[in-house]
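# Coordinates in review
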Amino acid sequence: MAVPDVATATVDEGFWTRNRKVGAALLALGVLAAVLFGALATDQQARFTLSETEGGAALEINGTIGAILFGVIAAAAGGALLAGVPKRWFTLVLGVGLVTFVLSFLCWQVSAAPEGRNFMPMVNIVRGTFILALPLIFGALAGVLCERSGVVNVAIEGQLLMGAFSGALFGSLFNSVWVGLVAAAIGGAFISLLLAVFAIRYLVDQVVMGVVLNLLAVGITGFLYERLMQTNAEKYNSAPRFTNWEIPLLEDIPVIGPALFRGNLFLYLGLLLVLVIHIALFRTRWGLRTRSVGEHPTAADTLGVKVLGLRYRNVLLAGVVAGIGGASYTLALYSFTKNMIGGKGFIALAALIFGRWSPTGALLAALFFGFADQLATYLGAIGSSIPSQFLAMLPYLATILAVAGLVGRVRAPAADGKPYVKG
């Protein structure tokens, strides 16, 4: 046993630890921001308004000064990580560095925007971030429910798509948002049922099965869209929308109030589900059994936990959650179109990993990706000099960069993806 301990100690005591490598990368980014963004920024004021328009209260800073200042702070944070801060401060220092790097970038972009557009309406940015993150939140929660139970859920894309389609179709037929919502939940559960049967009962490879189910959802919804919705959109693709619900007093909070407390059912339900699933997963008997089935199903079985039954229930529940997430498109924002999810299910899977298989972590990761998506939209609106093709790639690039830094450094549930055969 002494040899592994010595080897581990040698690796741990090496200078280029993971934290120091992250610090070196952040230091380089900070220097790049201070030099490049500072040179490209203008002397116009970069205004971050606390409203939905250009008027009203705002935080202002000279574009060049802001880009350089925030770049220097990001570089200082990277230098601190490179020097070796205590582990308990790592996340905070890294967060400060990343936020200030983004602020340096925004000072350049906002100050360089044409006159009349050199402002960022923070209410719209926050609201847009949450709206774009909603399907990711529901999808990531579906992933948490499955993978904490030991079932890999690559079919989130298909569950979201089937939920969006079912919500649009039945909401239109019955002219009811509530019927559409129930139909969306059933649509997502249908994809989950197939995943559960083939992965749990017939022991089919779960990743392969997830990919197949995504293609199945694309095929079914695409075929019915062309046969029904395209030919008679008024009857089959004109579902009513959930209206926004305003919460008195809370809606008057600056920035956060208008963005969060003037939202629709899906916003409130998504945030509530994060809280409920987190408490249930880590504070209840069901949560303890779910985690034990995901970590060591044989031991759970010997203690009387019905492993297969629990996996079936949790996978179906995950489909319900993802189906509702899909309905956040068609019962709140858009009419249904072919393959309208556009890869968001895979970003939700990345949010699950980035969030370390935790509901609250998945929420934060989803908001990060939602912000990247909203930022791309905002930069396009102000006429950014960055090519539109690159802006369209921004949320996906953010996904790759975020997950690339964590894959291999976070541990999935031990039994995740491993079929359980009762002896």
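Keep in mind the model is a prediction, meaning the values are calculated, not measured. (Residues numbered from 1 in each chain as written. Predicted model: local features only at pLDDT ≥ 70, side-chain atom pairs only at ≥ 80, totals over all residues. Heavy atoms only, no water.)

### Section: the domain arrangement of the protein
According to the domain assignment, the protein consists of domain 1 (18-112) and domain 2 (123-407). Each of domain 1 and domain 2 has a C-alpha centre, and the two are 31 Å apart. On the domain 2 side, the residues contacting the 10 residues of domain 1 number 15 residues. Across the domain 1 to domain 2 interface the summed buried area is about 910 Å²; carbon plus sulfur atoms make up 58%. Contact with domain 2 buries surface across domain 1, with Leu-50, Glu-52 and Gln-109 losing the most and accounting together for 48% of the total. The interface formed by domain 1 and domain 2 includes one salt bridge. The partner of Glu-52 in a salt bridge is Arg-127, and the shortest N-O contact between them spans 3.3 Å. (Domains from an automatic or database assignment. Contact = heavy atoms within 4.5 Å. Buried area = accessible area lost by both parts, 1.4 Å probe. Salt bridge = Lys/Arg side-chain N within 4 Å of Asp/Glu carboxyl O.)

### Remarks on the sheet that holds strand S2 (residues 58-62)
Taken in spatial order, the three strands of this open sheet run S2-S1-S3, and their pairing is mixed. Each edge of the open sheet is held by one strand with a lone partner, namely S2 and strand S3 (119-121). When the angles between neighbouring strand axes are averaged without regard to direction, this sheet yields 15 degrees. Pairing analysis gives three bridges linking strand S1 (residues 45-49) to S3, with the strands arranged parallel. Note on S3: the bridge partner recorded for Thr-49 is Pro-121. In this fold helix H3 (residues 63-83) packs onto S1 and S2, with an angle of close to 90 degrees to the strand it touches most, S2. (Pairing = 2+ DSSP bridges. Helix = DSSP H or I, 4+ residues; strand = E, 2+ residues; numbered from the N terminus. Axes fitted to C-alpha atoms, helices over the stretch in contact; angles between N-to-C directions.)

### Considerations on the pattern of salt bridges
Inspection of the entire model under this criterion finds six salt bridges. Across the pair Arg-47 and Glu-60 runs a salt bridge whose closest N-O atoms are separated by 2.9 Å. Taken as a pair, Arg-47 in strand S1 and Glu-60 in strand S2 lie far apart in primary sequence, 13 residues in all. Salt-bridge contacts for Glu-295 lead to Arg-411; the nearest nitrogen and oxygen are separated by 3.2 Å. Here Arg-411 lies in the segment after helix H17 (388-404) and Glu-295 lies in helix H12 (residues 285-295), a separation of 116 residues in the sequence. Taking the relative accessible area as the measure of exposure, Arg-411 reaches 58% and is therefore exposed. (Buried < 20%, exposed > 50% of the residue type's maximum accessible area, 1.4 Å probe, protein only.)

### Description of the packing of helix H15 (residues 344-354) against helix H16 (residues 359-381)
For the pair H15 and H16, the least separation of the axes is 7 Å and the interaxial angle reads 135 degrees. With respect to each other, H15 and H16 are oriented oblique. Note that H15 runs across H16; the crossing there is right-handed. When H15 is examined against H16, the residues Lys-344, Ile-347, Ala-350, Ala-351 and Phe-354 are found in contact with a partner set consisting of Ala-362, Ala-365, Ala-366, Phe-368, Phe-369 and Asp-373. The class makeup of the residues in the contact of H15 with H16 is nine nonpolar, no polar and two charged. (Parallel < 35°, antiparallel > 145°, perpendicular 65-115°, else oblique. Left-handed = near helix turned anticlockwise from the far one by under 90°. Nonpolar A, V, L, I, M, F, W, Y, C, P; charged D, E, K, R; others polar.)

### A look at helix H8 (residues 206-229)
With 24 residues, H8 extends 32 Å from end C-alpha to end C-alpha; this agrees with the ideal 34 Å at 1.5 Å per step. Inspection of H8 places Gln-206, Met-209, Gly-210, Leu-213, Asn-214, Ala-217, Thr-221, Gly-222, Tyr-225 and Met-229 among the buried residues, and these make up the whole buried set. Along its buried surface, H8 packs onto helix H6 (156-174), helix H7 (177-201), helix H9 (233-236) and H15. N-capping of H8 is provided by Asp-205, with a side-chain oxygen placed 3.1 Å from the backbone N of Val-207. (Expected span 1.5 Å × (residues − 1). Polar contact = N/O pair within 3.5 Å; in protein donor to acceptor, adjacent residues only side chain to side chain.)

### Structural notes on unusual backbone geometry
Positive phi, normally seen in glycine, also occurs at Val-255, with a value near 65 degrees. When you line up the elements, Val-255 lands in the loop between strand S4 (245-246) and helix H10 (256-260). The buried category is assigned to Val-255, whose relative accessible area is 14%.

### Considerations on the nonpolar core
Core analysis: the largest hydrophobic core is formed by 82 residues, its most contacted members being Leu-181, Met-229, Phe-266, Phe-336 and Phe-369. The element contributing the most residues to this core is helix H5 (residues 122-147), with 13 residues. By size, the runner-up hydrophobic cluster in this structure holds 25 residues, among which are Ala-33, Leu-106, Leu-375 and Leu-379. (Core = buried A, V, L, I, M, F, W, Y, C linked by side-chain atoms within 4.5 Å.)

### Overview of a nonpolar patch on the surface
Nonpolar side chains collect at one region of the surface, where Ile-65, Leu-69, Ile-73, Trp-89, Leu-92 and Val-96 lie side by side and expose about 530 Å² of accessible area between them. Secondary-structure elements contributing two or more residues to the nonpolar patch are H3 and helix H4 (87-111). (Patch = residues over 30% accessible without salt bridge, like charges linked within 9 Å, V, L, I, M, F, W, Y side chains within 5 Å. Areas by Shrake-Rupley, 256 points an atom, 1.4 Å probe, with all protein chains shown as cover.)

### Digging into the side chain of Lys-344
Turning to its location among the elements, Lys-344 is positioned in helix H15. Relative accessible area serves as the criterion here: at 13%, Lys-344 is assigned to the buried category. Once residues within four sequence positions are removed from consideration, Lys-344 is found in contact with Leu-136, Glu-157, Leu-160, Tyr-329, Asp-373 and Tyr-396.

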